Amino acid sequence: MSGAVAGRLEAARRACFVGRADELELFEAALHTDEPPFTLLLLHGSGGVGKTALLHRFRGLAERAGLPVVRVDGRDVQATPNGFRSALAEALDVPDPPGVPGDPPGVPGDPPGVPGDPAGVLGAAGRAVLLVDTYESLTPIDGWLRDEFLPRLPDRVLVVVAGRQPPAAAWRTDPGWRDLVRVIALSNLDAGEATGYLRTMGVPAWLHRDLVDVTHGHPLALALAIDVLRQGDAAAMLERMGAPDVVQALLQRFVDELPTVGHRHALQVCAEARTTTEAVLRAALDEEDVHARFEWLRRLSFVEHGPHGLFPHDLARDVLVADLKWRDPEVRATLHRRIRVHAMTRLRAARGRAQQLAALDFLFTEYSDPVFRQYWNQWDTMGQALGEPAQPSDRAEILALGIDAAVSCSAAGVSAAIVSVGVNRYGHPAPEALGRLSATHAEVWRTDREGTVTVTVAESTMTVRGRRSVRTYSIRP
Ligand SMILES: Nc1ncnc2c1ncn2[C@@H]1O[C@H](COP(=O)(O)OP(=O)(O)OP(=O)(O)O)[C@@H](O)[C@H]1O
Ligand SMILES: [Mg+2]
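Given the structure is predicted, the values throughout are model-derived calculations rather than measurements. (Residues numbered from 1 in each chain as written. Chains lettered and ligands numbered in written order. Predicted model: local features only at pLDDT ≥ 70, side-chain atom pairs only at ≥ 80, totals over all residues.)

Novice: With reference to specific residues and values, describe the overall build of the protein.
Specialist: When helices and strands are counted, the protein shows 24 helices and twelve strands. Out of the 477 residues belonging to the protein, those deemed buried represent 35%. Considering only residue pairs separated by 6 or more positions, the protein has 66% of its internal contacts joining residues 24 or more positions apart. (Helix = DSSP H or I, 4+ residues; strand = E, 2+ residues; numbered from the N terminus. Buried ≥ 20, exposed ≤ 12 C-beta atoms within 10 Å, placed from the backbone. Contact = placed C-beta atoms within 7 Å.)

Novice: Break down the site of ligand 1 for me, citing the residues and quoting the values.
Specialist: Residues in contact with ligand 1 amount to 23 residues; listed here are only the nearest, Gly50, Lys51, Thr52, Ala53 and Pro219. At the level of secondary structure, the elements contributing two or more residues to the shell around ligand 1 comprise helix 3 (51-64) and helix 11 (219-230). Per-class residue counts for the shell around ligand 1 are nine nonpolar, nine polar and five charged. (Near = placed C-beta within 6 Å. Nonpolar A, V, L, I, M, F, W, Y, C, P; charged D, E, K, R; others polar.)

Novice: So, helix 16 (residues 291-298): which residues are in play, and what are the values?
Specialist: Those residues of helix 16 lying buried are Arg293, Phe294 and Leu297. The arc that holds every buried residue of helix 16, seen down its axis, measures 105°, which confines them to one face. Along helix 16, exposed side chains directed more than 90 degrees from the buried face belong to His291, Ala292 and Glu295. Those residues of helix 16 that are buried lie in contact with helix 14 (261-272), helix 15 (278-285), strand 6 (303-306) and strand 7 (309-312). (Arc of directions from axis to C-beta.)

Novice: Outline the environment of Arg199, supporting the account with residue identities and numerical values.
Specialist: Take Arg199: it is sitting in helix 9 (residues 191-200). Overall, the presence of 13 C-beta atoms within 10 Å leaves Arg199 in the partly exposed class. Spatially, the C-alpha atoms of Arg199 and Cys16 are 9.6 Å apart, while their sequence positions differ by 183 residues.

Novice: Residues and numbers for the nonpolar core, please.
Specialist: Counting 50 residues, the largest nonpolar core has Leu224, Leu250 and Val269 as the members making the most contacts within it. At eight residues, helix 11 tops the list of elements feeding residues into this core. Leu43, Phe58, Val72 and Ala119 belong to the second largest nonpolar core, which has 37 residues in total. (Core = buried A, V, L, I, M, F, W, Y, C linked by C-beta atoms within 7 Å.)

Novice: How would you summarise the sheet that holds strand 11 (residues 461-465) if you had to cite specific residues and measurements?
Specialist: The strand order across the open sheet built from three strands is 10-11-12, with neighbouring strands paired in antiparallel fashion. The sheet is open, and its two borders are formed by strand 10 (454-457) and strand 12 (470-474), each paired with just one other strand. On average, each strand axis in the sheet is tilted by 20° relative to the strand beside it, whichever way the strands run. (Pairing = 2+ DSSP bridges. Axes fitted to C-alpha atoms, helices over the stretch in contact; angles between N-to-C directions.)

Novice: Got a sec to walk through the pairing of strand 2 (residues 69-73)? Specific residues and values, please.
Specialist: If a strand is regular, its side chains alternate between the two faces of the sheet. Counted residue by residue, strand 2 has five buried out of five residues, so it is predominantly covered. Burial of the side chains of strand 2 extends over both faces: Val69, Arg71 and Asp73 are buried on one face and Val70 and Val72 on the other.

Novice: So what's going on with helix 19 (residues 352-364)? Residues and values would help.
Specialist: Between its first and last C-alpha, helix 19 extends 19 Å over 13 residues, near the 18 Å set by a 1.5 Å rise per residue. Every buried residue of helix 19 is accounted for by Arg353, Gln356, Leu357, Ala358, Ala359, Leu360, Asp361, Phe362 and Phe364. Buried residues in helix 19 make contact with helix 4 (81-92) and helix 18 (329-349). (Expected span 1.5 Å × (residues − 1).)

Novice: Run through unusual backbone geometry, naming residues and quoting values.
Specialist: With the exception of glycine, most residues fall at negative phi, and the peptide bonds are largely trans. The phi dihedral of His216 falls on the positive side, at around 55°, and the residue is not glycine. With respect to the helices and strands, His216 occurs in the loop between helix 10 (205-215) and helix 11. When the 14 C-beta atoms within 10 Å are taken as the criterion, His216 is described as partly exposed. Phi is positive for Asp286, close to 55°, though the residue is something other than glycine. As for its position among the elements, Asp286 is in the loop between helix 15 and helix 16. A tally of 10 C-beta atoms within 10 Å means that Asp286 is categorised as exposed.

Right, here's the structure in full:
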């Protein structure tokens with residue numbers, strides 16, 4: 001995104017921002033004193049309540065005070081220490097720290113002072129602000145951040161962390177942190193603030209009361225109501241607003257009234273891809289000129305933009321995927337496939353941090369797979385699905401991954417392929433895939449025939465055991 005456009009968007013968002021006076025005052029006071037009453041601000045609140053919007057305002061205040069600001073969004077981070085340091089290095093525009101990527105998860109951080117250590121670079125900046133958004137995705141490294149990473153930052157660095165869940169008890173009970181932390185629970189806008197927002201956005205006064213009542217001042221719901229109003233029919237919108245889930249009802253109304261099929265497809269790509277750039281849109285739609293639709297997407301209230309592209313609010317994504325899936329399954333399948341191919345192409349070509357992001361994008365194409373949903377949709381497991389380069393010791397697990405993985409392993413000279421498959425409606429394993437597999441020398445173990453298949457790896461052998469047979473293979477060192 002060009003700097004000028006990003007600047008204009010930012011100015012527009014600032015102009016629409018309402019309320020949060022206490023939080024802004026608290027933060028501003030901390031910026032302007034040498035001994036702030038806290039060094040870590042933990043913000044929490046439900047999806048769409050306005051955490052990211054508030055962080056944007058914090059950023060503006062810090063920049064106005066002339067301080068360097070670094071922002072890391074948990075959704076672009078592999079939740080390992082190295083993943084975090086790598087994202088921070090990118091935000092600071094310094095090279096990836098040593099050991100990234102490929103170190104196993106849980107490796108402690110570099111000792112302070114290691115060249116290129118992003119914590120060291122941040123500390124050396126003097127007074128600075130670190131903003132960490134979408135913290136619920138970083139739950140797996142909550143302990144590491146608390147016990148290892150943040151304590152190594154100089155107390156001149158003011159840190160703000162925003163997530164959907166209240167902070168773990170350890171932040172408040174640890175005698176070290178207790179005095180340095182301030183916890184703030186964000187809630188909906190009050191009636192006056194919500195009315196002010198609607199007024200700023202040019203919503204006719206006769207609608208204010210009803211809109212504030214049905215949205216209860218929930219910022220995302222209010223913003224969505226405005227998008228729907230722009231489509232034209234206020235009465236039809238209000239009719240939908242009686243529904244128990246206002247966000248869902250508004251989104252449904254929005255997708256029902258999309259201006260053209262082209263807009264629908266663009267929205268579909270945005271819902272299916274983890275992040276959408278113009279390149280993703282071009283590849284998915286198989287069209288050259290997608291600029292206007294990308295701009296349209298970017299202006300939607302439920303679409304956020306970060307340094308790696310656009311993404312819809314999680315609350316919106318579910319509704320969009322479900323709607324677009326039943327509306328035109330064939331088109332959806334085509335777009336989905338192209339998004340996957342695009343992510344895989346980037347994954348193969350990229351290195352370092354760019355490869356980590358491409359891995360996240362690729363994994364995300366499994367968003368609607370029931371197994372993967374456990375990882376993406378629950379705050380305590382989100383971020384645990386990682387893409388890291390395979391190590392020799394991962395071989396046995398890779399074999400068990402699935403039929404595509406099995407084919408590539410077999411091609412590399414592995415002798416057993418485990419196809420994890422149960423009774424299913426999808427025709428798995430696909431006959432073509434089995435055909436390809438039989439062209440290799442790998443022996444196929446199917447869990448629908450062999451029951452649970454276990455693999456025991458010893459130094460130079462691998463024993464595969466199923467319900468009906470057992471076999472030992474020699475493996476290369
Ligand atoms: N104080 C505010 N004034 C005006 N608009 C706001 C305010 N807070 C939030 N909004 C708008 O509401 C929408 C949702 O806000 P935001 O993205 O900040 O929520 P969030 O808490 O970060 O949600 P999530 O947990 O899903 O990341 C955005 O379109 C944002 O611009
Ligand atoms: Mg957010």
